[in-house]
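Each chain, letter by letter, is given below.
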Amino acid sequence: MAKVSTIQKNKTRLKLIEKLSSKRQYLKSKVKDKNLSLEERISFQNKLNELPRNSSSIRHRNRCELTGRSRGTYRKFGLSRIKIRELSMTGDLPGVIKSSW
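Conventions used here
- Residues numbered from 1 in each chain as written.
- Predicted model: local features only at pLDDT ≥ 70, side-chain atom pairs only at ≥ 80, totals over all residues.
- Heavy atoms only, no water.
- Core = buried A, V, L, I, M, F, W, Y, C linked by side-chain atoms within 4.5 Å.
- Buried < 20%, exposed > 50% of the residue type's maximum accessible area, 1.4 Å probe, protein only.
- Helix = DSSP H or I, 4+ residues; strand = E, 2+ residues; numbered from the N terminus.
- Contact = heavy atoms within 4.5 Å.
- Salt bridge = Lys/Arg side-chain N within 4 Å of Asp/Glu carboxyl O.
- Patch = residues over 30% accessible without salt bridge, like charges linked within 9 Å, V, L, I, M, F, W, Y side chains within 5 Å.
- Areas by Shrake-Rupley, 256 points an atom, 1.4 Å probe, with all protein chains shown as cover.
- Lys, Arg positive; Asp, Glu negative; His and termini not counted.
- Charge placed at Lys NZ, Arg CZ, Asp CG, Glu CD.
- 1 Å grid on protein atoms, 1.4 Å probe; cavity = no way out; pocket = protein on both sides within 12 Å on 5 of 7 lines; lining within 4 Å.
- Points joined across faces, edges and corners; volume = space filled by probe spheres on them.
- Nonpolar A, V, L, I, M, F, W, Y, C, P; charged D, E, K, R; others polar.
- Phe/Tyr/Trp six-rings, centres within 6.5 Å; stacked < 30°, edge-to-face > 60°.

Before going further, it helps to examine the nonpolar core. In terms of nonpolar packing, the biggest core is built from six residues, these being Leu20, Leu27, Val31, Phe44, Leu48 and Leu51. Only α1 (4–32) and α2 (38–50) provide two or more residues apiece to this core. The greatest single-element share of this core, amounting to three residues, is contributed by α1. Setting aside residues no more than four positions away along its own chain, leucine 20 makes contact with Leu51, Pro52 and Ser55.

In the structure shown here, the tally under the stated rule is one salt bridge. One salt bridge in this structure joins lysine 83 and glutamate 86, with 3.0 Å as the shortest N-O distance. Here lysine 83 pairs with glutamate 86, and both are found in helix α3 (residues 81–90), just three residues apart, close to one helical turn. Taking relative accessible area as the criterion, lysine 83 reaches 23% and is therefore assigned partly exposed.

Our focus in this paragraph is a positive patch on the surface. Positive charge collects at one region of the surface, where Arg61, Arg69, Arg71 and Arg81 lie side by side. Secondary-structure assignment places arginine 71 in the loop between α2 and β1 (73–74). Look at arginine 71 and you get exposed, because its relative accessible area is 60%.

Of the pockets and cavities examined, the largest pocket occupies roughly 300 Å³. If you trace the largest pocket, you find 18 residues lining it, with Asn10, Lys11, Arg63, Cys64 and Glu65 closest to the centre. Elements that contribute at least two residues to the lining of the largest pocket include exactly α1 and β1. The greatest single-element share of the lining of the largest pocket, amounting to four residues, is contributed by α1. Residues of the lining of the largest pocket, tallied by class, amount to six nonpolar, seven polar and five charged.

Moving on, we come to the packing of aromatic side chains. A complete count under the given rule lists one aromatic pair for this structure. Judged by centre distance (6.3 Å) and plane angle (90°), the rings of tyrosine 26 and phenylalanine 44 are edge-to-face. Within this pair, whereas tyrosine 26 is found in helix α1, its partner phenylalanine 44 is found in helix α2, the two being separated by 18 residues in sequence. Tyrosine 26 gets classed as partly exposed once you look at its relative accessible area, which sits at 45%.

All right, on to the environment of serine 21 then. Relative to the helices and strands, serine 21 resides in helix α1. Residue class for serine 21 comes out partly exposed when judged on its relative accessible area of 37%. Sequence-wise, serine 21 and tryptophan 101 are 80 residues apart; in three dimensions their C-alpha atoms are separated by 47 Å.

This is the structure we're talking about:
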């Protein structure tokens, strides 16, 4: 199981991303706009740089909802490969069956 602090840190990052995503998207579009002058684009870039680093979506890590494991996480279930195997063997994941041929 992952440390509780890393799980909480990831959750606070997700909240910050949701809060500032529209502002970040607006500033990025203004920076890429070729119709604006260079000085205006630089000023928008400086405003973008002033935003917190954790508001960038790239800093969010997909983690298992049960254990907090960061590696081997399936997006469809939000679980790690280990927990998917355990839950599917006990029949707790609906629609998932063991394959046989």
